[in-house]
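# Topology and contacts: notes
Chain by chain, the residues run as shown.
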Amino acid sequence: MLIDMTHTITPEIPVYPDTPAPVLTPACTLTRNGFRETALSFSSHTGTHMDAPAHLLPDGRTLDQMPMSQFSGRATVLDVSGQGSVITEAFLQSNYDAIHCADFILFYTGWEERWGSESFLEDTFPVPDEAAAKYLISRGLKGVGTDAISIDRIGGSLPVHKILLKDSVLILENLCLKKVRGRKDFLFFALPMKFQDTDGAPIRAFAELRESYEAERRRR
């Protein structure tokens, strides 16, 4: 079974402060041209997206320089909706069994429920502190994600971004995690748009759950 974990890009979606809103304009129409095309204008960090090291680091790699293997692996979703505004190293250590086998750690903060409303940008969602970020890189992860707009506080110096990206740990933001809340060890895919010098890109993120294989085997 495949679970879509991606928000749809529309002109009305929430965007990070100072990021331009998406514009989707009919470029060709069935009546005028005999076919439909849409002209797209949006930031590389729009909607459900991935941050590359080049987003903040002068010598950081871009997504188009990375192998495809960096964009998929085993994932665990940690429910941090009851952790207050800070995800601590102690909390992560208490979830060692769920973390140690994962390539991607994804944080369900509950902010997905606010998508499309002004409250989505309220800066009280749970984020890792610096000690937690350093613990995450010690696990050899490919990526860390959240259903909130940022893995850091809005408008700050982005310390968690810098810690993760310096170690080539990708950052995924604005994920849809409600349907996989609390899930452990499932296959996860986060496929970014590929364009030149990709400092970040919208992704199509999805989960493949093992139950589908087990159910098929039982039917046989």
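Residues numbered from 1 in each chain as written. Predicted model: local features only at pLDDT ≥ 70, side-chain atom pairs only at ≥ 80, totals over all residues. Heavy atoms only, no water.

### Remarks on unusual backbone geometry
Positive phi outside glycine occurs at Asp18, with the angle close to 75 degrees. Tracing the backbone shows Asp18 in the loop between β1 (2-4) and β2 (23-28). Non-glycine residue Asn174 carries a positive phi angle of around 60 degrees. Its location among the elements puts Asn174 in the loop between β10 (170-173) and β11 (186-192). Assessed through its relative accessible area of 2%, Asn174 is described here as buried. (Helix = DSSP H or I, 4+ residues; strand = E, 2+ residues; numbered from the N terminus. Buried < 20%, exposed > 50% of the residue type's maximum accessible area, 1.4 Å probe, protein only.)

### Topic: the environment of Pro202
In this structure, Pro202 sits in strand β12 (residues 200-208). For Pro202, a relative accessible area of 8% gives the class buried. Sequence-wise, Pro202 and Glu130 are 72 residues apart; in three dimensions their C-alpha atoms are separated by 26 Å. In contact with Pro202, other than residues within four places in its own chain, are Ile9, Phe42, Ser43, Ser44, Thr46, Thr48, His49, Leu191, Pro192 and Met193. (Contact = heavy atoms within 4.5 Å.)

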